[in-house]
Amino acid sequence: MKLRFTTVVVCSLILSFSLLEPAMAGSPFCDSKCAERCKLAGVQDRCLKYCGICCEDCKCVPSGTYGNKHECPCYRDKVNKKGKPKCP
């Protein structure tokens, strides 16, 4: 009985960690590029979130804290449901 309980607990922990991992951290490349891109943002957490999403999809982030989106067309062309730019 104890072995079965232990097995269920271990399997549950492994499953929960595998589901949470992608949401907890991005790649080191995207994290550093987005930190630079969002360092002057008024709403830092939102900027980092959307920059991270765009970076993971596009594999690039424009240089600087604003503009320069011509450096990364994928990043530039992403839009939200309302047709406005998704990436900061």
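Keep in mind it's a predicted model, so treat the numbers as computed, not measured. (Residues numbered from 1 in each chain as written. Predicted model: local features only at pLDDT ≥ 70, side-chain atom pairs only at ≥ 80, totals over all residues. Heavy atoms only, no water.)

Draft legend 1. Examining the nonpolar core more closely. Cys30, Cys34, Cys38, Cys47, Cys51, Cys54, Cys55, Cys58, Val61, Cys72, Tyr75 and Cys87 together form the largest nonpolar core, which totals twelve residues. Among the elements of the structure, α2 (28–37) and α3 (44–58) are those that each provide at least two residues to this core. Residue contributions to this core peak at five residues, all from α3. (Core = buried A, V, L, I, M, F, W, Y, C linked by side-chain atoms within 4.5 Å. Buried < 20%, exposed > 50% of the residue type's maximum accessible area, 1.4 Å probe, protein only. Helix = DSSP H or I, 4+ residues; strand = E, 2+ residues; numbered from the N terminus.)

Draft legend 2. Highlighting the pattern of salt bridges. This structure, assessed with the given rule, holds three salt bridges. The partner of Lys39 in a salt bridge is Glu36, and the shortest N-O contact between them spans 2.9 Å. Residue classification places Lys39 among the partly exposed positions, given a relative accessible area of 47%. Note that Asp77 and Arg76 form a salt bridge whose closest N and O atoms lie 2.9 Å from each other. A residue is classified by how much of its surface remains accessible, and Arg76, at 39% relative accessible area, is partly exposed. (Salt bridge = Lys/Arg side-chain N within 4 Å of Asp/Glu carboxyl O.)

Draft legend 3. Examining α2 more closely. Among all positions of α2, only Cys30, Cys34 and Arg37 are buried. What you see down the axis of α2 is that its buried residues fit within an arc of 55°, all on one side. (Arc of directions from axis to C-beta.)

Draft legend 4. Structural detail: α3. Helix length check: α3, at 15 residues, gives a terminal C-alpha distance of 21 Å against a target of 21 Å (1.5 Å per residue), a fit within 8%. As for α3, its buried residues are in contact with α2 and α4 (73–77). (Expected span 1.5 Å × (residues − 1). Contact = heavy atoms within 4.5 Å.)

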